[in-house]
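Remarks on the overall topology
The residues making up each chain are set out below.
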Amino acid sequence: MNDFTENLSNGGHTFAIVNQKGGVGKSTTAVNLTAALGLLGKKVLLIDLDPQGNATSGFGLTKQRERCVYNALIEEIPLRDIIEHIPESTVDVVPATIQLAGAEVELVTAMSRETRLKGLIAPLKGDYDYILIDCAPSLGLLTVNALTAADGLIIPVQCEYYALEGLSKLLDSERLVKTHLNPDLGVFGVVMTMFSKRTKLAQQVVDETREFFGDTVFETLIPRTVRLSEAPGFGQTIFQYDPTGKGAQAYLAFAKEVINRG
């Protein structure tokens, strides 16, 4: 266990799921980790902070709506007024729409621009075991807000060429936020995604990532499966779409690791 996880309290945790590189399984991880934690009896809030809204549609929620997380950030509407409950679960979602793309520009001149999300989350911390933030694939003000609000980072890394490329910029951002805005921030864990036993490259990337990040890398490897790719198109989590498949088993094992580590 690393120093950061040893310092986590026993209360509710807020984690930003972040990687500025696209196509690494970030939203897939946000959706299915949220669902898995819910299945394990945890009360979970997922905040979709990506203008693409993949976490929103991943839970079958429409992106055509009057209010979303944008209205909370810019108009300071309480998150509680925007939350959507997922039926027959212990999961809530704060949805996003393409309107959120404008928040990057509008926040530039806003007061407390880096701490808007932290302030919005504060009244809800006691209501949830976990608050997860699905970040945009960038290191702009939206992601800075997520890093400022989070207790730690969960970084998905895909088992493909150039997997670690660009992560130094993410870690630089983490250090800057830690220094100036959120002294308790740290890397909670790294999760390997799109793993294929059929290729030597995948295992090489896992080994390289473990050498770089040490024991922050989770043991669970998220497999590359067609089912995981298909599920979002049906507005379903992997536990609805293919509950007995390898993807569901992996995300459930990953969620157990998150619980045990935190």
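Heads up: the structure comes first, above all this text.
Anyway, here's the lowdown on the structure attached to this text.

Our focus in this paragraph is the nonpolar core. Ranked by size, the top nonpolar core spans 52 residues in total, and within it Ile-47, Val-69, Leu-79, Ile-133 and Ile-155 carry the most contacts. Here this core takes five residues from helix H7 (residues 141-149), the largest share from any one element. Setting aside its immediate chain neighbours within four residues, Ile-155 contacts Val-18, Asn-19, Leu-167, Leu-170, Leu-171, Val-187, Gly-189, Val-190 and Val-191. Ala-55, Tyr-130, Leu-132 and Val-258 belong to the second largest nonpolar core, which has 32 residues in total.

Here we take up the environment of Gln-99. Counting through the fold element by element, Gln-99 comes out in the loop between strand S4 (91-94) and helix H5 (103-107). In this view, Gln-99 contacts Cys-68, Tyr-70 and Asn-71; residues no more than four positions away in its chain are not counted.

The subject of this paragraph is the packing of aromatic side chains. For the structure shown, the criterion picks out eight aromatic pairs. When the centroid spacing of 6.3 Å and the interplanar angle of 45° are considered together, the rings of Tyr-161 and Tyr-162 count as tilted. In terms of burial, Tyr-161 and Tyr-162 fall into one category: exposed. Note on Phe-234 and Tyr-241: the rings are 5.1 Å apart at their centroids and 25° apart in plane angle, and the pair reads as stacked. Residue classification places Phe-234 among the exposed residues on the basis of a relative accessible area of 57%. Three or more aromatic residues joined by ring pairs form one cluster here, namely Phe-15, Tyr-130, Phe-188, Phe-218, Tyr-251 and Phe-254. The residue whose ring lies beneath Arg-261 is Phe-188, and the NZ or CZ to ring-centre distance is 5.9 Å. Above the face of the Phe-218 ring, Arg-261 is positioned so that its terminal group lies 3.9 Å from the ring centre.

A few words on the sheet that holds S4. To summarise the sheet geometry, strands pair through backbone hydrogen bonds and adopt either a parallel or an antiparallel arrangement. Strand order in the open sheet formed by eight strands is S3-S4-S2-S5-S1-S6-S7-S8, and the pairing between neighbours is mixed. Edge positions in the open sheet fall to strand S3 (84-85) and strand S8 (217-223), since each of these has one partner strand only. With two bridges joining them, S3 and S4 adopt antiparallel strand pairing. Along S4, the bridge assignment pairs Glu-84 with Val-93. On the sheet, helix H2 (residues 26-39) packs against strand S1 (13-17), strand S2 (44-49), S4, strand S5 (130-135), strand S6 (152-158) and strand S7 (187-195) and is oriented at approximately 165° with respect to S5. Along the sheet, H7 contacts S1, S2, S5 and S6; its crossing angle with S5, the most-contacted strand, is approximately 160°.

Before going further, it helps to spend a moment on the environment of Ile-82. Examined against the element boundaries, Ile-82 turns out to sit in the loop between helix H4 (69-75) and S3. A relative accessible area of 5% places Ile-82 in the buried class. Sequence-wise, Ile-82 and Gly-166 are 84 residues apart; in three dimensions their C-alpha atoms are separated by 34 Å. The residues touching Ile-82, leaving out its near neighbours within four places in the chain, are Arg-67, Cys-68, Val-69, Asn-71, Ala-72, Ile-77, Val-93, Val-94 and Pro-95.

About the criteria used
- Residues numbered from 1 in each chain as written.
- Predicted model: local features only at pLDDT ≥ 70, side-chain atom pairs only at ≥ 80, totals over all residues.
- Heavy atoms only, no water.
- Core = buried A, V, L, I, M, F, W, Y, C linked by side-chain atoms within 4.5 Å.
- Buried < 20%, exposed > 50% of the residue type's maximum accessible area, 1.4 Å probe, protein only.
- Helix = DSSP H or I, 4+ residues; strand = E, 2+ residues; numbered from the N terminus.
- Contact = heavy atoms within 4.5 Å.
- Phe/Tyr/Trp six-rings, centres within 6.5 Å; stacked < 30°, edge-to-face > 60°.
- Lys NZ or Arg CZ within 6 Å of the ring centre and 35° of its normal.
- Pairing = 2+ DSSP bridges.
- Axes fitted to C-alpha atoms, helices over the stretch in contact; angles between N-to-C directions.

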